[in-house]
Amino acid sequence: MSMNAPGLTEDQRNQAFSEYVGDESKVEPKDWMPEAYRKSLVRQISQHAHSEIIGMYPEGNWLTRAPSLRRKVALLAKVQDEAGHGMYLYSAVETLGVSRDDLFDDLLSGKAKYSSIFNYPTLTWADIGAVGWLVDSAAIINQVPLCRCSYGPYARAMVKICKEESFHQRQGFEIMNTMAKGTDAQHRMAQDALNRWWWPSVMMFGPPDNESKHSAQSMAWKIKRHSNDDLRQRYVDVMVPQAEFMGLTIPDPDIKWNEERGHYDYGDIDWTEFKQVMAGHGQCNKQRIETRQAAHENGRWVRDAALAYAEKKAARKAASKVAAE
Ligand code: 3HC
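Read on for an overview of the structure.

Definitions and cut-offs
- Residues numbered from 1 in each chain as written.
- Predicted model: local features only at pLDDT ≥ 70, side-chain atom pairs only at ≥ 80, totals over all residues.
- Heavy atoms only, no water.
- Patch = residues over 30% accessible without salt bridge, like charges linked within 9 Å, V, L, I, M, F, W, Y side chains within 5 Å.
- Areas by Shrake-Rupley, 256 points an atom, 1.4 Å probe, with all protein chains shown as cover.
- Salt bridge = Lys/Arg side-chain N within 4 Å of Asp/Glu carboxyl O.
- Lys, Arg positive; Asp, Glu negative; His and termini not counted.
- Charge placed at Lys NZ, Arg CZ, Asp CG, Glu CD.
- Helix = DSSP H or I, 4+ residues; strand = E, 2+ residues; numbered from the N terminus.
- Buried < 20%, exposed > 50% of the residue type's maximum accessible area, 1.4 Å probe, protein only.
- Polar contact = N/O pair within 3.5 Å; in protein donor to acceptor, adjacent residues only side chain to side chain.
- Contact = heavy atoms within 4.5 Å.
- Disulfide = S-S within 2.5 Å.
- Near = heavy atom within 4 Å.
- Nonpolar A, V, L, I, M, F, W, Y, C, P; charged D, E, K, R; others polar.

Considerations on a positive patch on the surface
Working step 1: On the surface, K312, K313, R316, K317 and K321 cluster together into a positively charged patch.
Working step 2: Looking at where K313 falls in the secondary structure, it is placed in helix 13 (residues 300–324).

Details of the side chain of D237
Working step 1: Structurally, D237 is set in helix 10 (residues 228–246).
Working step 2: One buried charged residue, D237, forms no salt bridge at all, with the nearest opposite charge on R261 at 6.4 Å.
Working step 3: A polar atom in the side chain of D237 sits 2.9 Å from the backbone nitrogen of Y264.
Working step 4: Those residues in contact with D237 that lie beyond four places of it in its chain are G262, H263 and Y264.

Some points on the pattern of salt bridges
Working step 1: In total, this model carries 19 salt bridges according to the counting rule given.
Working step 2: As a salt-bridge pair, E24 and R225 come within 2.6 Å of each other at their nearest N and O atoms. In this pair, E24 is assigned in the loop between helix 1 (10–22) and helix 2 (35–54) and R225 in the loop between helix 9 (215–220) and helix 10, connecting sequence segments 201 residues apart.
Working step 3: For R225, a relative accessible area of 15% gives the class buried.
Working step 4: For R71, the salt bridge is made with E174, and the minimal N-O distance between the two is 2.5 Å. Pair noted here: R71 is in helix 4 (residues 69–94) and E174 is in helix 7 (residues 152–180), with a separation of 103 residues, a long-range link.
Working step 5: Note on R71: relative accessible area 14%, which makes it buried.
Working step 6: Residue class for E174 comes out partly exposed when judged on its relative accessible area of 30%.

Thoughts on the state of the cysteines
Working step 1: This structure, assessed with the given rule, holds zero disulfides.
Working step 2: Distance from the sulfur of C147, which forms no disulfide, to the nearest cysteine sulfur (C162) is 3.9 Å.
Working step 3: With relative accessibility at 9%, the residue C162 sits in the buried group.

Structural notes on the site of the ligand
Working step 1: Near the ligand lie 32 residues; those nearest to it are Q47, E82, K113, E165 and H214.
Working step 2: In the model, an oxygen atom of the ligand is placed 2.8 Å from a nitrogen or oxygen of the E165 side chain.
Working step 3: In the environment of the ligand, a nitrogen atom lies 3.1 Å from a nitrogen or oxygen atom belonging to the backbone of M204.
Working step 4: For the ligand, the accessible surface in isolation is 1000 Å², of which the surrounding protein chains cover 92%.
Working step 5: The biggest single contributor to the shell around the ligand is helix 2, with six residues.
Working step 6: Split into classes, the residues belonging to the shell around the ligand amount to twelve nonpolar, twelve polar and eight charged.

Next comes the structure, spelled out in structure tokens:
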């Protein structure tokens, strides 16, 4: 029985909806959906979109200081991709009946959440390698399962986004590997960047499962496909051998292969830092929102010009239609 069928009670629709997502079917914008499902998607996808936009700032900082034309072109392409990811995801949220302007207002006012990872500073060029390698690897591990999300527009947006993340991760890995195997000074810079970006990247996957307030329901609705800790463990298992390959040391003395578990054991995460950053007290929270506010203001003339052009074009079209009648 379809959840869209006429004459069903709320309970019957909810039952039909659970069976529908349970069968791995995709929910589309015009389908009936529980209001709580819609709200959870608006929450997660809007935060994801905000993360993509704010995520441009740590790297944008280095566009004019890239050490070579090749590095500059790769970083430029990555930053442009992130803007596109943001637009894709804002479009996915709009299919749930939310206005893009309201989403922008939430971010500009500091009300909206975005990923904690983007509230850390990029102090040297090696940080750009660390962000591409560590953060985009985390993004891939977190986002590939979202290609199987029950909400169609989100799942389809993630397919394109994940393909581009692979390039982002690769260019970051190459920067780190080149520096790690470069001069002593370059190796030290790469190690320093890993020391500062490792734990914030591990925190990106969200709070521990026993403190994750959305996971259970999100997984029941097949929005989230794996728990925070499962993806975090997958991440550590992938990253440790890569660091070893580069001759870099992960700043966690407790990292050790556990044959019995078939995973790497790792040390305790400082959740106080995570909560501090989430509460807006990270190193760059204030600066990131101020940069976003300035960019929005500086871009006002572009939006006004595009709107004026669209209105003029629509008026001309209406006038020629009247003339033709
Ligand atoms: N930073 C900020 N807030 C976070 C967070 C993080 N790293 N992890 C969790 N939170 C917040 C949640 O938003 C939620 O707050 P809310 O109730 O106010 O929305 C709260 O902490 C509880 O966390 P939960 O685990 O219960 O929340 P979720 O089930 O939503 O799981 C998530 C969190 C794993 C981040 C999930 O939302 C998700 O997978 N989101 C989509 C992917 C995403 O947004 N990735 C962020 C980075 S984007 C990126 O990396 C771009 C790349 O190009 C570099």
